[in-house]
Amino acid sequence: MFQHDIDAINAIREGVRGLCQNFDAAYWRQVDEVKGFPDDFVTALTEAGWLAAMIPEEFGGSGLGLSEASVILEEVNRCGGNSGTVHGQMYNMFTLLRHGSDEQKRQFLPKIAAGELRLQSMGVTEPTTGTDTTKIKTTAVRKGDKYVINGQKVWISRIQHSDLMILLARTTPLAEVTRKSEGMSIFLVDLEHAMANGMTVQPIANMVNHETNELFFDNLEIPAECLIGEEGKGFRYILDGLNAERTLIAAECIGDGRWFIDKASSYAREREVFGRPIGKNQGVQFPIAQAHIDVEAADLMRWRACHEYDNGLNAGASANMAKYLAAEASWKAANVCLQTHGGFGFACEYDVERKFRETRLYQVAPISTNLILSYVAEHLLELPRSF
Ligand SMILES: Cc1cc2nc3c(=O)[nH]c(=O)nc-3n(C[C@H](O)[C@H](O)[C@H](O)COP(=O)(O)OP(=O)(O)OC[C@H]3O[C@@H](n4cnc5c(N)ncnc54)[C@H](O)[C@@H]3O)c2cc1C
């Protein structure tokens, strides 16, 4: 049903797996233990060109689509790594590619492709408005050839490991727009300049090893050329990017799910209790088999979303459903894997508890499961709006 060059996809899988062999379970365990950042891994992935997969060839990238990008992130997770450390660059790229001006593309893409600049951050969420994005309070006010930014963001990932951030802010007050989704704009912010000129960064300690921060903007002035696309249309651009993000996260969850199932199956084959492998018991086998079925089914929806996105079709429904199904499936697989390992599932050296925490995130971020259900109910099934 979906047209993909299987040989090319398999070559990407093998290439990423080869690279991931140099970053084994012990590497990721150690990074997690010290709440560090996998700098060596990110450098290797960048140097091998994987993070520039979607940048057009004329700007120094490989010109690949969302399908191929999704396989790269899936394989990182399937090999036991955490693509949450790098995935921002993949989906933020879409925003720049689709809505950035020629000048912005010429200025930034070659440097991002070469690894000289990192575009790993996107600032949308705010502490007082949460999922109700159209109510954001961060403002960008035009003053001559500058915009002045004031406000606050929360949970913004990888700020300390990025050079650029895509920022969503209100350019027209909510009270003055006819539709609440209008009047917001996106900007490409130079983080080093921002930190020296009115943006303060406060790290947030959290359950996973995911670098997140609270940001405070106090009269930060940025050049007007930082605006991406048209003023006032930023929310639409962000939504467009979010469909890519949801599809990529779905692929990461598929990678996690497959890692959990491999790990659970191999432990169930080897662990002997009552004089036989625990995997001989159907009470142990069946949950693993069910989790496998769920992951494979979610994978089909992921490919549908990739296909639609890469062919310029509206991928909104598929991207949301893929993210929902894959996040559910990987979480189910995580639970099954932990249960199969018994007490050893809690031991850090088995890596199950780390991956368990990592995959749990995707029920909440980048969009919570409830909000996907709400989207499907209202937009696909035409049920009455609840908010
Ligand atoms: C590790 C991590 C990294 C993140 N990285 C980024 C980032 O880089 N950039 C960024 O902008 N954001 C980021 N986020 C924020 C993330 O996108 C939000 O946490 C997420 O969208 C949920 O928003 P919230 O936390 O404000 O929850 P809230 O909006 O406060 O919602 C709380 C709960 O209530 C439910 N809920 C709310 N309203 C309704 C309703 N009407 N009907 C049913 N249920 C409802 C939600 O589903 C959720 O479960 C990150 C979050 C985490 C934890």
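Residues numbered from 1 in each chain as written. Predicted model: local features only at pLDDT ≥ 70, side-chain atom pairs only at ≥ 80, totals over all residues.

Rules: UniProt positions are given in the numbering used here, feature names are shortened, and annotations may be inferred rather than shown by experiment.
By the naming in an unreviewed UniProt entry, the protein is Acyl-CoA dehydrogenase family protein, taken from Marinobacterium aestuariivivens. Listed in UniProt under the heading Sequence similarities (unreviewed entry), the comment for the protein reads: "Belongs to the acyl-CoA dehydrogenase family." Per UniProt, the protein carries the Cofactor (unreviewed entry) text "FAD".

Quick look at the packing of helix H8 (residues 234-270) against helix H11 (residues 352-360)
Rule in force here: To obtain each axis, a line is fitted to C-alpha atoms, and for helices this fit is confined to the stretch in contact; angles are then taken between N-to-C directions over 0 to 180 degrees. In this description a helix means any DSSP run of H or I spanning at least four residues, a strand means any run of E spanning at least two, and both kinds are numbered starting from the N terminus. Roughly parallel means an angle under 35 degrees; roughly antiparallel, over 145; roughly perpendicular, 65 to 115; everything else is oblique. In this scheme, a crossing is called left-handed if the near helix is turned counterclockwise away from the far one by less than a right angle; it is called right-handed if the turn is clockwise. For the purpose of contact definition, each residue receives a C-beta atom placed from its backbone, and two residues are in contact when these atoms lie within 7 Å.
H11 packs onto H8 with a crossing angle of 155° between their chain directions and a minimal axis gap of 11 Å. When the interaxial angle is binned, H8 and H11 end up roughly antiparallel. The handedness of the crossing between H8 and H11 comes out as left-handed. Contacts between H8 and H11 involve Cys253, Asp256, Trp259, Phe260 and Lys263 from the first element and Val352, Lys355 and Thr359 from the second.

Regarding the domain arrangement of the protein
As a measure of interface size, the accessible area lost when the parts come together is often cited. Stated formally: By convention here, the domain bounds are inherited from an automatic or database domain assignment.
Segmentation of the protein into domains returns domain 1 (6-113), domain 2 (121-232) and domain 3 (236-380). Each of domain 1 and domain 3 was reduced to a C-alpha centroid, and the two centroids are 20 Å apart. On the domain 3 side, the residues contacting the 26 residues of domain 1 number 22 residues. Those elements that place two or more of their residues in the side of domain 1 that touches domain 3 are helix H2 (25-33), helix H4 (66-78) and helix H5 (87-99). When residues of the side of domain 1 that touches domain 3 are assigned to their parent elements, the largest contribution, 11 residues, is made by H4.

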